[in-house]
Amino acid sequence: MAAEILTEDLLRISLQRLSREVVKTYPQFGELLAQNMLRTCGLIPDVERAEHYRELGTLLIDLGRLYLAEADALCTVDMPRQP
């Protein structure tokens, strides 16, 4: 039980930090992350909490795809040629 609580606390802390960073580039995702994170807290049935974790996981995957696409776009920018 203590390990489960510790893991959930670490997950929440990580998601809070992620939310703050995401807001800088994708403000709309920051709010969604915060909302979904709050839905995983508290004493709710495991089935309901599992659904919130699933929504949160999907959101994180979508966000990751946006960041990967941005990284790809930045890598394909032509560098100025030096004489």
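Everything numeric here is computed off the predicted structure, so don't read it as measured data. (Residues numbered from 1 in each chain as written. Predicted model: local features only at pLDDT ≥ 70, side-chain atom pairs only at ≥ 80, totals over all residues. Heavy atoms only, no water.)

Engineer: I tried to follow the overall build of the protein on my own but got confused; where do I start?
Structural biologist: Each helix and strand in the protein was counted, giving three helices and zero strands. Classification of the 83 residues of the protein by burial places 20% in the buried group. Counting only contacts in the protein whose residues sit at least 6 apart along the sequence, the fraction spanning at least 24 positions is 57%. If you sum the accessible surface of the protein, you get close to 6500 Å²; carbon and sulfur atoms cover 63% of it. (Helix = DSSP H or I, 4+ residues; strand = E, 2+ residues; numbered from the N terminus. Buried < 20%, exposed > 50% of the residue type's maximum accessible area, 1.4 Å probe, protein only. Contact = heavy atoms within 4.5 Å. Areas by Shrake-Rupley, 256 points an atom, 1.4 Å probe, with all protein chains shown as cover.)

Engineer: Is there a simple way to explain the pattern of salt bridges in this structure?
Structural biologist: Think of it this way: side chains of opposite charge can pair up when their charged atoms draw near. One pass over the full model with this rule turns up four salt bridges. Across the pair Lys24 and Glu21 runs a salt bridge whose closest N-O atoms are separated by 3.1 Å. With Lys24 and Glu21 both in helix 1 (residues 2-25) and three residues apart, the pair spans about one turn of that helix. A residue is classified by how much of its surface remains accessible, and Lys24, at 62% relative accessible area, is exposed. Relative accessible area serves as the criterion here: at 45%, Glu21 is assigned to the partly exposed category. A salt bridge links Glu51 to Arg54, with the shortest nitrogen-to-oxygen separation between them at 3.9 Å. One end of the pair, Glu51, and the other, Arg54, are both in helix 3 (residues 46-75), three residues apart, so they sit about a helical turn from each other. Residue class for Arg54 comes out exposed when judged on its relative accessible area of 56%. (Salt bridge = Lys/Arg side-chain N within 4 Å of Asp/Glu carboxyl O.)

Engineer: Mind showing me how you'd approach the packing of aromatic side chains here?
Structural biologist: Each aromatic ring pair is characterised by the separation of its centres together with the angle its planes make. Tallying each qualifying case throughout the model produces one aromatic pair. Centre to centre, the rings of Tyr26 and Tyr67 are 5.2 Å apart; their planes meet at 85°, and the pair counts as edge-to-face. You can see Tyr26 sitting in the loop between helix 1 and helix 2 (27-39) and its partner Tyr67 sitting in helix 3, a full 41 residues away along the chain. Tyr26 gets classed as buried once you look at its relative accessible area, which sits at 15%. Given a relative accessible area of 32%, Tyr67 falls into the partly exposed group. (Phe/Tyr/Trp six-rings, centres within 6.5 Å; stacked < 30°, edge-to-face > 60°.)

Engineer: Is there a simple way to think about the side chain of His52 in this case?
Structural biologist: Relative to the helices and strands, His52 resides in helix 3. Filtering out sequence-adjacent residues up to four positions away, His52 remains in contact with Arg39, Thr40 and Ile44.

Engineer: Explain the confidence of the model for the protein to me, please; I cannot follow it from the model alone.
Structural biologist: As a note on interpretation, predicted positions should not be read in detail where pLDDT is low. In the predicted model, the protein carries a mean pLDDT of 79, and the fraction of residues at 70 or more is 84%. Mean pLDDT values over the elements of the protein span from 75, in helix 1, up to 88, in helix 3. (pLDDT = per-residue confidence, 0-100.)

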